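So the chains spell out like this:
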Amino acid sequence: MSQQGYVATPPYSQPQPGIGALSPPLRGHYGDPSHSAPPSGIMKPAGPLGPMPPVGALPPGPPNSGAHQFGQNGPNISGFPQQRFPGPPPVNNATPPYPPSSHLPPASYPNPVSSSATTQLGHQLGAMQIHNYGPGMASGSPGIPSPPSGASFQGPPQMPQPAILQPGPRMLPPPPSTHNGLGTGPTLPPASRQDGLPGSGPPTANFPSLPLPGQPPGPGYPPQQGANYGPPQMPGAPLTSPPGFPGGPAQMAGPMQPPKKLDPDSIPSPIQVIENDRSTRSGQVYATNIRGQVPPLVTTDCMIQDQGNASPRYIRCTTYCFPTTSDMAKQSQLPLAAIIKPFATVPPNEVPLYLVNHGESGPVRCNRCKAYMCPFMQFIEGGRKYQCGFCNCVNDVPPFYFQHLDHVGRRLDHYERPELSLGSYEYVATLDYCRNNKAPSPPAYIFMIDVSYSNVKNGLVRLICEELKTILENLPKEEQEETSAIRVGFVTYNKVLHFFNVKSNLAQPQMMVVTDVSEVFVPLLDGFLVNYQEAKAVIHNLLDQIPEIFADSNENETVFAPVVQAGMEALKAAECPGKLYIFHSSLPTAEAPGKLKNRDDRKLINTDKEKTLFQPQSNVYETLAKDCVASGCCVNLFLFPSQYVDVASVGLVTLQTGGTLYKYNSFQKHLDSMTFLNDLRNDVQKITGFDAIMRVRTSTGFRATQFFGAIYMNNTTDVEMAAMDCDKAVTVEFKHDDKLNEDTGALIQCAVLYTTISGQRRLRLHNIGLNCSSQLADLYKSCETDALINFFAKSAFMAVLTQPLKMVRDILVHQTAHMLACYRKNCASPSAISQLILPDAMKVFPVYMNSLLKNCVLLSKPEISMDERAYQRQLVLSMDVADTQLFFYPQLIPIHTMDVNSESLPAAIRCSEERLSEGGVFLLANGLRMFLWLGGSAPPELIQGIFNVPSFAHINTDVTSLPEVGSPYSQKLRLTINNIQQKKPYSMKLMIVKQREQPEVHFRQFLVEDKGLCGGASYVDFLCCVHKEICQLLS
Ligand SMILES: [Zn+2]
């Protein structure tokens, strides 16, 4: 199969306004090797090949929408029995539920509330005081929603309130820990310069006061030479010159008073923020009809109704109000980013995406910028033309698409067409959107099992083969189809590869061995990839035999890159996209391409070379990843290491092909089987788009500049993914290239071209409109802290490839201080400088940021395994907002006080040791791990109820699941665990931890408000440090 002719270019081949003039791609600065240089290997051509989609020259036809069907995904793809989809009924409304964007009024606000709410919050936050700020700002309560104003609309953004921490004499800035990202600074102010980087001035007093609004940054912000960790990464901050962390302990004594402990109850609580949002917005319908509306938090359950903007399940933003100018953006240093999860699963009570089919005409697109028809297109001239909301080009309406307008200028078929009235929908793609203009084949899954000695010995090979029999019965399929269209194939390997012929007419499977791993080839085509149902008998025979064939193998050495290569070649030969499932356990040391050596060199930690440990040690892996993406081959990797396997190298192929990395350290069958098998089952069944390419278009004035995720980029605009599953999110950063217009707002359209599990080529569209404002206060009140943390985590984790870790940490701290100082200076009412004033929407930002700084990826500590750091880095890079929220602020639930009769989840508490109690039992989950912590004097009846043993001493902690005791406690706890688990992409291994026993340290590292065990400041300490830096910025 020739890949030459393929480019997903028809949809993307035209230059986008604003893109053409784009100066050299900024991406390369940050050192993702995949993003920097054009590939030298075999790649999809970047140029516009293939015909243009037939937008301009459409066959005339009657304006009959009947020929252009749409239906819900699923059984009704072509039939479309539903004449109307449940859009907002155009009744009782003089104005449409969402007027054309150019006429959108700014979001209205609910009635100002109530001193009681203020009092309440004041009470909650102890020493924090809530002040009004800014002239004309009504006093409102954070998290208090408007009374629902109608069935289809509720919960407009609340009037935010700054949180003001008035430390007064109690304010104690304890010296920052010297073990964390902050702390290394104070003791060694110019430390980053000691890394051999150009100096940038004295360690103190380098922060001139913030520029006034509208002014460019002053001359006190020289570009930092040699530091490429520039603006696209961490907007604003990097261009300024972060000296060493300003102010050591000595300086902190300056405006501050002598030590007195700050009451943790007086600083903003993430739990309180989560609970406030829940109490006001949970269980309600959130309609997306208002541009720039801030959605409920990721931790709040509610039903979402698409009324013209993509659901927050698909797109969340760091702020829903963009500054009108780039100067404002630089001044605030708030990153402008969207976290897009195109294949997010929606709960059963929400409407799945509609599928629009324009037949051979294909999707309607703007002639100039190629944006797809969407609610942001404005129909004019009686419906004969439409103006593109993205580039303003006036296009003719194709004859087949013509429709008359009503008295408000809206098409009469507005509510009958998803692409006119919804934020998200799908198009059936025409052949122009397919490789070689040929309809794609359904994908194939290839299972590749490492059968070296250790995997056989620990029972893993047998476990996998047994499980595959079940898994293959449940291969994903289209709803309306009886059997899965996915074909399957099998390979085993150690230092050679074994292919299996499992053709249905064979009596026995046949094995073919490939010993030449230097240039691996696929020894058979016919009989390698088969339909499971047809070849079931032969496949089961094979799965029974594999453990026996290799039972006596003494082979310790493995190859890895040739395995990936073989899988990719097989998919290529079969002309189909697909996924490899590789079950691997050791460092590939056998003589072959991609051979690796053990480089787990702890001496490099905390040196300028530390970043190399995050990079692959051989460029074989980068080339392989490129080739895989070009062939639509996604690599899922299940690692079972008992020692160093070099995750940074072997994981790269997974990361860049949109795959998922799973890691089970020192796998023990009796402890880890459940976690592994759950992961495998979930992964095989995930909703996935194959051979995907994503393009983000924007309205004029700004553009997407940076992309983070499990992605591959061959140019600056097309995000390629061999596959993209329902849990993968891409974080996109935007920059201004002109002024934005407050009336028209900032519009974003994300288009993903992909192949379904049954081999249908489709386009998935997500559109969202954001507000624009020339008032900084509007930016801050439309922020989403959880999205901000997602952005900062991903940009920092990309930056570790190229920048010294200390610099990455410093930039995070400086940018935190800058964002908050800018708010303080420009948006808050004047107050004593000793007050810490935080914007309401960001009041818990510091606790999350501190947790990010303490994450093992950013902590330079030799005691943390490099593989673990590379693994967590990779995982976070593809996480969505809900996943990073939980990852950086774990859920800690008291079990001993839970109401066993209530259906709801017990309320969480803050992640700090002082919230635990000797007499309690607590559950902690962060999305990867789960702990049940048992206080030393937990009540015996509770222990009996959960473990069915008489006392604390009898509890066996060497288990990873809880017994089914049948008591209410047991049932409720197991239900709680399941509830938490269900929402998360990774199966969380449960660890039982007793108070004051050694394994407790594993648990304690997740108490993120406390000082880190391996370094890292406590929340209180961090807040004081940030406050001090803010004071310096303002003085
Ligand atoms: Zn356009």
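Residues numbered from 1 in each chain as written. Predicted model: local features only at pLDDT ≥ 70, side-chain atom pairs only at ≥ 80, totals over all residues. Heavy atoms only, no water.

Right, let's get into the overall build of the chain. What the chain contains, in helices and strands, is 26 helices and 33 strands. Burial statistics for the chain: of 1035 residues in total, 63% are counted as buried. For the chain, restricting intrachain contacts to residue pairs at least 6 apart in sequence, the fraction spanning at least 24 positions comes to 76%. A total accessible area of about 35400 Å² is found for the chain, and carbon and sulfur atoms account for 53% of it. (Helix = DSSP H or I, 4+ residues; strand = E, 2+ residues; numbered from the N terminus. Buried < 20%, exposed > 50% of the residue type's maximum accessible area, 1.4 Å probe, protein only. Contact = heavy atoms within 4.5 Å. Areas by Shrake-Rupley, 256 points an atom, 1.4 Å probe, with all protein chains shown as cover.)

With that settled, the discussion passes to the sheet that holds strand β10 (residues 378-380). Backbone-to-backbone hydrogen bonds pair the strands of a sheet. The strands run either parallel or antiparallel. Strand order across the open sheet formed by 3 strands is β10-β11-β12, with antiparallel pairing between neighbours. The open sheet has two free edges, formed respectively by β10 and β12 (394-396), since each of these has just one partner strand. Each adjacent strand pair in this sheet contributes to an overall mean axis angle of 35 degrees, direction not counted. Examined bridge by bridge, β10 and strand β11 (residues 385-387) share 3 bridges and lie antiparallel to one another. If you follow isoleucine 380 over to β11, its bridge partner there is lysine 385. (Pairing = 2+ DSSP bridges. Axes fitted to C-alpha atoms, helices over the stretch in contact; angles between N-to-C directions.)

Our focus in this paragraph is the coordination of the zinc ion. Distances from the zinc ion to its protein donors, Cys366 (SG), Cys369 (SG), Cys388 (SG) and Cys391 (SG), fall at 2.3 Å. Because the angles between the 4 donor atoms bound to the zinc ion fall within 101 to 116 degrees, the donor set is best described as tetrahedral. All donors to the zinc ion come from one chain, and their sequence spacing reads C-x2-C-x18-C-x2-C. A single burial state applies to cysteine 388 and to cysteine 391, both of which are buried. (Donors = N, O, S within 2.8 Å, 3.2 Å for Na, K, Ca; no water. Tetrahedral: all angles 85-135°; square planar, octahedral: opposite > 155°, others 65-115°.)

Turning our eyes to something else, we now look at the packing of helix α20 (residues 845-854) against helix α26 (residues 1019-1034). Interaxial distance between α20 and α26 falls to 9 Å at its minimum, and their mutual angle equals 105 degrees. The pairing of α20 with α26 is recorded here as roughly perpendicular in orientation. In this structure, α20 contributes Pro846, Val847, Met849, Asn850 and Leu853 to the contact, and α26 contributes Tyr1019, Phe1022 and Leu1023. Of the residues that constitute the contact of α20 with α26, the class distribution is 7 nonpolar, 1 polar and no charged. (Parallel < 35°, antiparallel > 145°, perpendicular 65-115°, else oblique. Nonpolar A, V, L, I, M, F, W, Y, C, P; charged D, E, K, R; others polar.)

Looking now at the side chain of serine 673. As for its position among the elements, serine 673 is in helix α16 (residues 669-685). Of the polar contacts made by the side chain of serine 673, one reaches the backbone oxygen of lysine 669; its length is 2.5 Å. For serine 673, the contacting residues outside a window of four places in its chain are Leu463, Phe667 and Gln668. (Polar contact = N/O pair within 3.5 Å; in protein donor to acceptor, adjacent residues only side chain to side chain.)

Before going further, it helps to examine α20. When you tally the buried positions in α20, you get 10 out of 10 residues, the bulk of the element. Burial in α20 covers these residues: Phe845, Pro846, Val847, Tyr848, Met849, Asn850, Ser851, Leu852, Leu853 and Lys854. Buried residues along α20 sit in contact with α7 (270-281), α18 (785-799), α19 (805-826), α22 (881-888) and α26.

When the pLDDT values of the chain are averaged, the result is 80; 75% of them are 70 or greater. Across residues 1-160, where pLDDT falls below 50, the model places 364 contacts with residues more than four positions away in sequence or in other chains. (pLDDT = per-residue confidence, 0-100.)

The final tally for this structure, using the stated rule, is 36 aromatic pairs. For the ring pair phenylalanine 638 and phenylalanine 676, a centre distance of 5.8 Å and an interplane angle of 75 degrees mean the geometry is edge-to-face. A residue pair is termed long-range when its members are at least 10 positions apart, and phenylalanine 638 in strand β20 (residues 633-639) and phenylalanine 676 in helix α16 qualify at 38 residues. When the centroid spacing of 5.7 Å and the interplanar angle of 65 degrees are considered together, the rings of tyrosine 662 and tyrosine 986 count as edge-to-face. Linking tyrosine 662 in strand β21 (residues 661-663) with tyrosine 986 in the loop between α24 (968-982) and β33 (989-994), this pair joins segments that are 324 residues apart in sequence. (Phe/Tyr/Trp six-rings, centres within 6.5 Å; stacked < 30°, edge-to-face > 60°.)

Glancing now at the nonpolar core. One finds Phe490, Phe676 and Leu932 to be the most contacted residues of the largest nonpolar core, which totals 203 residues. A total of 10 residues in this core trace back to one element, the largest contributor, which is α19. Residues within four places of phenylalanine 490 in sequence aside, it is in contact with Phe447, Leu468, Leu472, His498, Phe499, Phe500, Val502, Phe528, Ile539, Leu542 and Leu543. By size, the runner-up hydrophobic cluster in this structure holds 37 residues, among which are Ala338, Met694, Phe702 and Val730. (Core = buried A, V, L, I, M, F, W, Y, C linked by side-chain atoms within 4.5 Å.)

Right, let's talk about the pairing of strand β22 (residues 688-698) for a bit. Here β22 lies mainly inside the structure; 11 of its 11 residues are buried. As judged from the 6 bridges shared by β22 and strand β25 (residues 719-725), these two strands associate in the antiparallel manner. Paired with methionine 694 across the bridge in β25 is valine 719. Here 7 bridges tie β22 to strand β27 (residues 746-755), and the two strands are oriented antiparallel to one another.

Attention now moves to the pattern of salt bridges. Going through the model one piece at a time under the given rule, you end up with 44 salt bridges. For arginine 681, the salt bridge is made with glutamate 467, and the minimal N-O distance between the two is 2.5 Å. Here the residue arginine 681 occupies a position in helix α16, and glutamate 467 occupies one in helix α11 (residues 460-473), the gap between them amounting to 214 residues. Look at glutamate 467 and you get buried, because its relative accessible area is 8%. (Salt bridge = Lys/Arg side-chain N within 4 Å of Asp/Glu carboxyl O.)

The subject of this paragraph is the side chain of glutamine 307. Mapped onto the elements of the fold, glutamine 307 is located in the loop between β5 (303-305) and β6 (315-317). In terms of polar contacts, glutamine 307 uses its side chain to reach the side chain of glutamine 305, at 2.5 Å.

A few words on unusual backbone geometry. Most peptide bonds adopt trans geometry, and most residues besides glycine take a negative phi value. Backbone geometry at glutamate 381 places phi at a positive 50 degrees, although glycine is not the residue there. The residue asparagine 437 is not glycine, and still its phi comes out positive at about 55 degrees. Looking at where asparagine 437 falls in the secondary structure, it is placed in the loop between β13 (424-428) and β14 (444-450).

Bringing helix α12 (residues 532-549) into the picture now. Helix length check: α12, at 18 residues, gives a terminal C-alpha distance of 22 Å against a target of 26 Å (1.5 Å per residue), a shortfall beyond 12%. At valine 538, α12 is bent by approximately 45 degrees, the largest bend along its length. Taken residue by residue, α12 has Tyr532, Ala535, Val538, Ile539, Leu542, Leu543, Ile546 and Pro547 as its buried positions. In the core, the buried residues of α12 are packed alongside α11, β15 (487-493), β16 (497-501) and β18 (530-531). The N-cap residue of α12 is asparagine 531: its side-chain oxygen and the backbone nitrogen of glutamine 533 are 2.9 Å apart. (Expected span 1.5 Å × (residues − 1). Bend = angle between axes of the 7 residues up to and from the residue.)

Turning our attention to the sheet that holds strand β32 (residues 929-934). With mixed pairing, the 4 strands of this open sheet are ordered in space as β30-β31-β32-β33. Strands at the two margins of the open sheet, each flanked by one partner only, are β30 (891-894) and β33. With direction set aside, neighbouring strand axes in the sheet form an average angle of 20 degrees. As paired strands, β30 and strand β31 (residues 921-925) are joined by 4 bridges and run antiparallel to one another. Within the sheet, the bridge partner assigned to leucine 892 lies in β31 and is leucine 924.

Of all 6 residues in β32, 5 are buried, a share of seventy percent or more. Between β31 and β32, which follow one another and run antiparallel, lie 3 residues, and glycine 927 among them has a positive phi close to 100 degrees. Two elements, β32 and β33, share 6 bridges in a ladder whose sense is parallel. Considered in β33, the bridge of leucine 934 is made with lysine 994.

For the pair α18 and α20, interaxial distance at closest approach is 10 Å and the crossing angle is 25 degrees. It follows from the interaxial angle that α18 and α20 lie roughly parallel. Relative to α20, α18 is oriented so that their crossing is right-handed. In this structure, α18 uses Thr785, Asp786, Leu788, Ile789, Phe792, Ala793 and Phe797 to contact α20, whose residues at the interface are Phe845, Tyr848, Met849 and Leu852. Partitioning the contact of α18 with α20 into residue classes produces 9 nonpolar, 1 polar and 1 charged. (Left-handed = near helix turned anticlockwise from the far one by under 90°.)

Attention now moves to a nonpolar patch on the surface. On the surface, a nonpolar cluster with roughly 230 Å² of combined accessible area is contributed by Met511, Val513 and Ile549. Positionally, valine 513 belongs in strand β17 (residues 510-514). According to the relative accessible area criterion, valine 513 is partly exposed, its value standing at 43%. (Patch = residues over 30% accessible without salt bridge, like charges linked within 9 Å, V, L, I, M, F, W, Y side chains within 5 Å.)

What follows concerns the environment of phenylalanine 707. Position of phenylalanine 707 among the secondary structure elements: in strand β23 (residues 702-708). The exposure class assigned to phenylalanine 707 is buried, which follows from its relative accessible area of 3%.

Structurally, isoleucine 711 is set in the loop between β23 and β24 (712-713). Look at isoleucine 711 and you get buried, because its relative accessible area is 2%. Taking C-alpha positions, isoleucine 711 is 9.9 Å from alanine 692, a pair spaced 19 residues apart along the chain.

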